Amino acid sequence: MNELIRINEKDSVAVALRPLSAGERVNVTGAGTVLNAEEDIHMGHKVALRNIAKGEAVIKYGFPIGEATEDIKRGKHVHTHNMKTLLSGAHDYTYSPVKPMIRNLPERFFKGYARKDGRVGVRNELWIIPTVGCVNDIAESLEKKAKALLGNHVENVRAFVHPYGCSQMGKDQENTRKILADLVTHPNAGGVLLLGLGCENSGIDTIKEKMRNYESERVKFLNAQDVEDELEIGFSLLREISEFMNHDIRSECPVSKLVVGLKCGGSDGLSGITANPTIGGFSDLLIAHGGSTILTEVPEMFGAETILMNRCKNEETYKKTVKLINDFKAYFEESGQPVYENPSPGNKAGGITTLEDKALGCTQKSGSSPVVDVLAYGEQVKESGLNLLSAPGNDLVASTALAAAGAQIVLFSTGRGTPFGCPVPTMKISSNTQLSKHKERWIDFNAGTLVESGTIAEKSQELFDHVIRVAEGKRTKNEENGFQSLAIFKTGTTL
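As the structure is a prediction and not an experimental result, all values here were calculated from the model. (Residues numbered from 1 in each chain as written. Predicted model: local features only at pLDDT ≥ 70, side-chain atom pairs only at ≥ 80, totals over all residues. Heavy atoms only, no water.)

**Q** When you look at the overall build of the chain in this model, what are you seeing that I'm missing?
**A** Along its length, the chain carries 13 helices and 23 strands. Its C-alpha radius of gyration of 23 Å places the chain within 12% of the 23 Å reference for a compact globule of 495 residues. Counting contacts in the chain only where the partners sit at least 6 residues apart, residues at least 24 apart contribute 71% of the total. Looking at the chain as shown, the accessible area adds up to about 19,600 Å², and 48% of this sits on carbon and sulfur atoms. Charge-centre separation for the chain: the mean point of 57 positive side chains lies 3 Å from the mean point of 62 negative side chains. (Helix = DSSP H or I, 4+ residues; strand = E, 2+ residues; numbered from the N terminus. Rg over C-alpha atoms; globule rule 2.2 N^0.38 Å. Contact = heavy atoms within 4.5 Å. Areas by Shrake-Rupley, 256 points an atom, 1.4 Å probe, with all protein chains shown as cover. Lys, Arg positive; Asp, Glu negative; His and termini not counted. Charge placed at Lys NZ, Arg CZ, Asp CG, Glu CD.)

As structure tokens, then:
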């Protein structure tokens, strides 16, 4: 079994692939040397490969992840007690384009639900979407009642409740309207009941204005205030939709129609070594087949943003990426919050020390493909390839944003574990085998085996094949557990 790994030949630290005890002599994969552990080291944590002087940059992934706050001896633990971030204030960026390797692979197909607007669903579900939190209880009551409609080609019935749609101002109200409109027309929804109250700010007519082309047989509308018995009328509409959905069948669809969201949460020191590079390899494979991926959680790009900027397909996309980063920094500053208040306690316990450390691991999910577009929050994918999306790091908010942007599936890597699901299948990919075994009911795919054997390319192909099975109907663990929710980004005042 591998014990320590140097990720890049420039690195001054290696990462422990298993717990190390003080005094152990261990082999360093990628360095061809043996190291004496000077103290106990937890799995996922960093060890100095050489003496590092106070004030010297600590190098991991080939880039600085912070600076030493004291002299660090070779073999010593490198973490929050002896290093700190190098990030501070605003930065000026320069476009230094690189030419990523672009591959084109033969056309491949999967069985999905072809929609009239040209998109493809990987599920044929019946959704109930409230326009306002006031009708959440009605939506959930209708969900329970509509479970009787399951079967044939109605694969699930879900009510996606939320607390918004009224008493919001400006950008918050607009965010709610965009996200709800995106979800009503999502290809995974074979049918939708848009459920309103009748007096809210973001009412049915307002949402309809933002909806792209939809089939009237698949989308119905109901204001609860307009009818005597909203449950009876609501169920009647759901039954009508379900009868139309029962004519839907899976058919051969090109993989190029797949849009997959990329997200991580509860990361550890192995996330940037196993799970995230595996997702990055998957992203490159899907794009080579003509498909699309979306990378988000902008605050966790800070410290690695120039890597993405320099992979932009042209200067216009580069400028949009600079704006993406700077706008999110301004959002923090306008709220009086520190820009670099990251990583989380769980990240630190797992071996991540600084935001640079976290960001360099996080961006591994983007693979090596060029960035083709940058999407505003609530905007949908227009161009095939790797897209960047404006959304925060919060797991459910960001995953909901990915679904709203058009992702039929979200890949979610984790080193600590999390059970949640967003409106679309949310595949959990563990960075370590221990988590995969400990939380088998949460984890769909274990990338932690890379510590013992195999290559990133092999594991990425394995993940690609697994995603195709999910696209063809294999349920993710969050679906099996019935864990699917939505969260909308809120930044301002509530009336």
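**Q** Would you mind going over the side chain of glutamine 168 with me for this structure?
**A** With respect to the helices, strands and loops of the structure, glutamine 168 is situated in the loop between β13 (156-159) and α2 (170-184). One polar contact links glutamine 168 to threonine 176, side chain to side chain, over a distance of 2.9 Å. Contact partners of glutamine 168, with chain neighbours within four places excluded, come to Gln173, Thr176, Thr493 and Leu495. (Polar contact = N/O pair within 3.5 Å; in protein donor to acceptor, adjacent residues only side chain to side chain.)

**Q** Hey, could you run me through the nonpolar core in this one?
**A** Across soluble globular proteins, nonpolar side chains show a tendency to be buried alongside one another. Counting residues in each nonpolar core, the largest one holds 85 residues, and the members touching the most others are Phe110, Phe302, Leu411 and Leu463. Ignoring any residue separated from it by four or fewer positions in sequence, one finds leucine 463 in contact with Thr278, Ile279, Phe282, Leu411, Met427, Ile429 and Phe445. Residues Val132, Ala159, Leu222 and Met245 belong to the second largest nonpolar core, which totals 22 residues. (Core = buried A, V, L, I, M, F, W, Y, C linked by side-chain atoms within 4.5 Å. Buried < 20%, exposed > 50% of the residue type's maximum accessible area, 1.4 Å probe, protein only.)

**Q** What exactly am I supposed to notice about the packing of aromatic side chains here?
**A** Any aromatic ring pair is given by two values, namely how distant the centres are and how the planes are angled relative to each other. Per the stated rule, a full pass over the model turns up 12 aromatic pairs. Each ring, one from tyrosine 331 and one from phenylalanine 332, has its centre 5.6 Å from the other, and the planes form 70 degrees; the classification is edge-to-face. Given a relative accessible area of 19%, phenylalanine 332 falls into the buried group. Taken together, a centroid distance of 5.7 Å and an interplanar angle of 65 degrees make the contact between tyrosine 377 and phenylalanine 489 edge-to-face. Taken together, the residues tyrosine 377 in the loop between β19 (371-375) and β20 (386-389) and phenylalanine 489 in the segment after α13 (477-481) connect sequence positions 112 residues apart. The same class applies to tyrosine 377 and to phenylalanine 489, which are both buried. By way of ring pairs, the aromatic residues Phe302, Phe328, Tyr331, Phe332, Tyr377 and Phe489 are connected into one cluster. Cation over ring: lysine 329 sits above phenylalanine 302, and NZ or CZ is 5.4 Å from the ring centre. A cation over an aromatic ring shows up here: lysine 428 above the ring of phenylalanine 412, its NZ or CZ 5.9 Å from the ring centre. (Phe/Tyr/Trp six-rings, centres within 6.5 Å; stacked < 30°, edge-to-face > 60°. Lys NZ or Arg CZ within 6 Å of the ring centre and 35° of its normal.)

**Q** Would you mind showing me how to read helix α7 (residues 315-334) here?
**A** Think of an α-helix as 3.6 residues a turn; residues three or four steps apart then line up on the same face. With 20 residues, α7 should cover 28 Å at 1.5 Å per step; its first-to-last C-alpha distance of 28 Å lies within 8% of that length. For α7, every residue scored as buried is listed here: Thr317, Tyr318, Thr321, Val322, Leu324, Ile325, Phe328, Lys329 and Phe332. Seen along its axis, α7 keeps its buried residues to an arc of 150 degrees; they face one direction. Facing away from the buried side of α7, by more than 90 degrees, are the exposed residues Glu316, Lys319, Lys323 and Glu334. Along its buried surface, α7 packs onto α6 (305-309), β19 and β20. (Expected span 1.5 Å × (residues − 1). Arc of directions from axis to C-beta.)

**Q** Is there a simple way to explain the packing of helix α5 (residues 275-288) against helix α12 (residues 456-471) in this structure?
**A** Helix-helix packing is described using two parameters, namely the angle between the two axes and the distance between the axes. Where α5 contacts α12, the two axes come as close as 8 Å, and the packing angle between them is 65 degrees. The element α5 and its partner α12 pack so that their crossing is right-handed. Contacts from Pro277, Thr278, Ile279, Gly281, Phe282, Leu285 and Leu286 in α5 reach Ile456, Lys459, Ser460, Gln461, Leu463, Phe464 and Val467 in α12. Taken together, the residues of the contact of α5 with α12 break down into 9 nonpolar, 4 polar and 1 charged. (Axes fitted to C-alpha atoms, helices over the stretch in contact; angles between N-to-C directions. Left-handed = near helix turned anticlockwise from the far one by under 90°. Nonpolar A, V, L, I, M, F, W, Y, C, P; charged D, E, K, R; others polar.)

**Q** What am I meant to see in the pattern of salt bridges here?
**A** Side chains bearing opposite charge may pair, as long as their charged atoms lie close to each other. Here the structure, examined in full by the defined rule, presents 29 salt bridges. Between glutamate 479 and arginine 123 there is a salt bridge; the shortest N-O distance is 2.9 Å. Pair noted here: glutamate 479 is in helix α13 and arginine 123 is in the loop between β11 (120-121) and β12 (125-130), with a separation of 356 residues, a long-range link. Since its relative accessible area comes to 7%, glutamate 479 is described here as buried. Note that lysine 459 is salt-bridged to glutamate 462, the shortest N-O span being 3.3 Å. Remark: glutamate 462 and lysine 459 occur in helix α12; sequence separation between them is 3 residues, near one turn of the helix. Accessibility expressed as a relative area gives 39% for glutamate 462, which makes it partly exposed. Salt bridges sharing partners connect three or more residues here, namely Arg115, Glu215, Arg218 and Asp248. (Salt bridge = Lys/Arg side-chain N within 4 Å of Asp/Glu carboxyl O.)

**Q** Help me understand the sheet that holds strand β6 (residues 57-60) in this model?
**A** The strands that make up a sheet are held in pairs by hydrogen bonds between backbone atoms, and each pair lies either parallel or antiparallel. Spatially, the 3 strands line up as an open sheet ordered β6-β7-β9, and their pairing is antiparallel. Every interior strand has two partners, whereas the edge strands, β6 and β9 (83-84), have only one. Strand direction decides the pairing type here: strand β7 (residues 63-68) and β9, joined by 2 bridges, are antiparallel. When the bridges of β9 are listed, alanine 68 appears paired with methionine 83. (Pairing = 2+ DSSP bridges.)

**Q** Which parts of the structure should I look at to understand the sheet that holds strand β2 (residues 13-16)?
**A** Taken together, 6 strands build an open sheet; the order of strands is β4-β3-β1-β2-β5-β8 and the sheet is mixed. Strands at the two margins of the open sheet, each flanked by one partner only, are β4 (33-36) and β8 (77-78). As defined by bridge partners, strand β1 (residues 4-5) adjoins β2 across 2 bridges and the pair is classed as antiparallel. Within β2, the residue paired with isoleucine 5 across the bridge is valine 15.

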